[in-house]
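Examining the three-dimensional arrangement
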Amino acid sequence: MGYPQTGNELLNLFGDIASAGYSDDVILKDTQVGFSIQRKYPDDIRFKPARSLDGKEDSISCIWVVYESEKQRDNNTLIPLRFRIALMSRYRVRHGFEEDETDKDKPTKVSVEISRSSPQPVDLNLKDGYFFDLHIGGIVDDKGKSVAGVVALNEIFQAHCNTVHPIKGLGIRSKEAAHSFS
């Protein structure tokens, strides 16, 4: 296998992501090779997602995965994969900031207030943790060990969820506070 040339080829490297709880994959159009996927937040963390009237989660995590194709060189066999994860509103993605009070998918005001009062997950970027290795035609970590793509997704998702944990998220929240203060 050569370098991934399309978002679909990159997505296929990640295996059966649906069985790990990821859904709604979208091939990115603003980059040469990339995709995004969504995953619901677990119930056992301090963040509480906003919900629609029928109880469906509006607040979900979205992960963007981009293959750094501009770093492709004849003598370079490791090409970085860039990951970004952020909290996203399904309703806002579909409707922007125009609100339709009769839309059953719109999150309820009460659930939005509960969600906003809960600790918010911090957006994360991972640029040098995983690579596409041309020799094996797959993904490796920063130590050169072959890994399943879903392992990388799970790692960044867990780190994102941990940002709302009082102990596990302390380091990342401290960095964010220091950055915003400066």
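What counts and how
Residues numbered from 1 in each chain as written. Predicted model: local features only at pLDDT ≥ 70, side-chain atom pairs only at ≥ 80, totals over all residues. Heavy atoms only, no water. Helix = DSSP H or I, 4+ residues; strand = E, 2+ residues; numbered from the N terminus. Expected span 1.5 Å × (residues − 1). Buried < 20%, exposed > 50% of the residue type's maximum accessible area, 1.4 Å probe, protein only. Arc of directions from axis to C-beta. Contact = heavy atoms within 4.5 Å. Pairing = 2+ DSSP bridges. Axes fitted to C-alpha atoms, helices over the stretch in contact; angles between N-to-C directions.

What to know about helix H4 (residues 149-162)
Spanning 14 residues, H4 covers 20 Å between terminal C-alpha atoms, matching the ideal 20 Å at 1.5 Å per step. Within the span of H4, buried status applies to Gly149, Val150, Ala152, Leu153, Ile156, Phe157, His160 and Cys161. Taken around the axis of H4, the buried residues stretch over an arc of 165 degrees, which confines them to a single face. Lining the buried residues of H4 we find strand S1 (22-27), strand S2 (34-39), strand S3 (59-67), strand S4 (78-89), strand S5 (124-133) and strand S6 (138-141).

Comments concerning the sheet that holds S2
The sheet built from six strands is open, its strands ordered S1-S2-S3-S4-S5-S6 with antiparallel pairing. A strand with exactly one partner marks an edge of an open sheet, and here the two such strands are S1 and S6. Pairwise comparison of adjacent strand axes, ignoring direction, gives a mean angle of 30 degrees for this sheet. Sitting on the sheet, H4 touches S1, S2, S3, S4, S5 and S6, and the angle it makes with S4 is about 45 degrees.

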